[in-house]
Amino acid sequence: NEKDYVQLTKKINSIYHSAALCDFRIPWERIKEINVEGTRNLIEACIKSRVRRIIYVSSLDASLSKTNTYGKTKAMGEDAVRNSGLDYIILRPALIYGKGSKDIGMLSKFIKKYPFMPVVGSGEGKLQPVYVDDISNIIIKLIKASIYKIGNMIIYSPHNEVLLAKRVAEAKKLLQDIPAKYCF
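Residues numbered from 1 in each chain as written. Predicted model: local features only at pLDDT ≥ 70, side-chain atom pairs only at ≥ 80, totals over all residues. Heavy atoms only, no water.

Participant: I keep staring at a nonpolar patch on the surface and nothing clicks. Help me out?
Facilitator: On the surface, Ile96, Tyr131 and Val132 cluster together to form a nonpolar patch covering roughly 210 Å² of accessible area. By relative accessible area, Ile96 is classed as partly exposed at 34%. (Patch = residues over 30% accessible without salt bridge, like charges linked within 9 Å, V, L, I, M, F, W, Y side chains within 5 Å. Areas by Shrake-Rupley, 256 points an atom, 1.4 Å probe, with all protein chains shown as cover. Salt bridge = Lys/Arg side-chain N within 4 Å of Asp/Glu carboxyl O. Buried < 20%, exposed > 50% of the residue type's maximum accessible area, 1.4 Å probe, protein only.)

Okay, here's the thing in structure tokens:
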């Protein structure tokens, strides 16, 4: 609701926008409505309320030439932010993890429940997960910027991601590699 957005943005100088839908089972139009139109609505409210700056939490997926629905909508949201006339900062974090996170959290639950942990494929692909508290601290400390890519200094393989989830779950389980063709 536009009136709600305007009311929420009154008397503030900067806004942090991290709301997004990242569920690949949901139709494209709904994801676009939330991630793109929601961002545009927030921008309009910021302009009406004279908010000076928007800090937009995008995704590393937005910068990929071949990306998924989520990455495409985050790129469209970035375009809306860049063309808004507002001062802006765009963050492009990689996979964000922490207690209760969907991806590594799901692996943690699996590790706690079963006596072994499957690793898709050879387990040698590369990931750069970033801890949720690190993202929060970066957002708090930001003063001037336009785009940041955020990831852990260590690039993880899927095998290492499972080890990380195992550590988050505080579980002692065996890992078992499973060919990718049996997982998708």
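There is more to say after this.
Participant: Would you explain the environment of Ile104 in this entry?
Facilitator: Among the secondary structure elements, Ile104 is positioned in helix α4 (residues 103–113). Looking at Ile104, the relative accessible area reads 1%, which means it is buried. The spacing of Ile104 and Leu164 is 60 residues in sequence and 7.9 Å in space, taken between C-alpha atoms. Residues contacting Ile104, with those up to four places away along its chain left out, are Leu95, Tyr97, Pro129, Glu161, Leu164, Ala165 and Val168. (Helix = DSSP H or I, 4+ residues; strand = E, 2+ residues; numbered from the N terminus. Contact = heavy atoms within 4.5 Å.)

Participant: When you look at the pairing of strand β2 (residues 53–57) in this model, what are you seeing that I'm missing?
Facilitator: Successive residues of a regular strand alternate their side chains across the two faces of the sheet. A large share of β2 lies buried, amounting to five of its five residues. Here β2 shows a buried face lined by Arg53, Ile55 and Val57 and a second buried face lined by Ile54 and Tyr56. Judged from the four bridges that link them, strand β1 (residues 14–17) and β2 form a sheet pairing that is parallel. Each residue of the ladder has a partner; that of Tyr16, found in β2, is Ile55. Bridge count between β2 and strand β3 (residues 87–93): five bridges; the pairing is parallel. Residue Tyr56 lies in a different strand from β3, and its bridge partner there is Ile90. (Pairing = 2+ DSSP bridges.)

Participant: Would you mind going over the side chain of Thr9 with me for this structure?
Facilitator: Its location among the elements puts Thr9 in the loop between α1 (2–8) and β1. Engagement of the side chain of Thr9 in a polar contact is seen with the backbone oxygen of Tyr5, the distance being 3.0 Å. The contact partners of Thr9, leaving out residues within four places of it in the chain, are Ile15, Leu42, Ala45, Cys46, Ser49 and Val51. (Polar contact = N/O pair within 3.5 Å; in protein donor to acceptor, adjacent residues only side chain to side chain.)

Participant: So what exactly am I meant to see when it comes to the packing of aromatic side chains here?
Facilitator: The tally for this structure, following the rule as stated, stands at one aromatic pair. Look at Tyr97 and Tyr131: their rings are 5.4 Å apart centre to centre, the planes differ by 55°, and that puts the pair in the tilted class. Here Tyr131 lies in strand β6 (residues 130–131) and Tyr97 lies in strand β4 (residues 96–97), a separation of 34 residues in the sequence. (Phe/Tyr/Trp six-rings, centres within 6.5 Å; stacked < 30°, edge-to-face > 60°.)

Participant: So what exactly am I meant to see when it comes to the pairing of β3 here?
Facilitator: Buried residues dominate β3, accounting for five of its seven residues. Note that the unit made of β2, helix α3 (residues 69–82) and β3 has a crossover that is right-handed. (Right-handed = clockwise from strand over helix to strand, strands pointing away.)

Participant: I keep staring at the nonpolar core and nothing clicks. Help me out?
Facilitator: Generally speaking, soluble globular proteins have nonpolar side chains that are buried together. Residues Ile15, Leu42, Ile43, Cys46, Val51, Ile54, Tyr56, Ala80, Val81, Leu86 and Ile90 constitute the largest nonpolar core, which totals eleven residues. For this core, the secondary structure elements donating two or more residues are α2 (28–49), β2 and α3. Of the residues forming this core, the biggest block, three residues, is contributed by α2. Excluding its chain neighbours within four sequence positions, the residues that come into contact with Val51 are Thr9, Ile12, Asn13, Ser14, Ile15, Cys46 and Leu86. Core analysis: the next-biggest nonpolar cluster, separate from the first, contains ten residues, Tyr97, Leu107, Ile111 and Met117 among them. (Core = buried A, V, L, I, M, F, W, Y, C linked by side-chain atoms within 4.5 Å.)

Remember, this is a structural readout, not a statement about activity or role.
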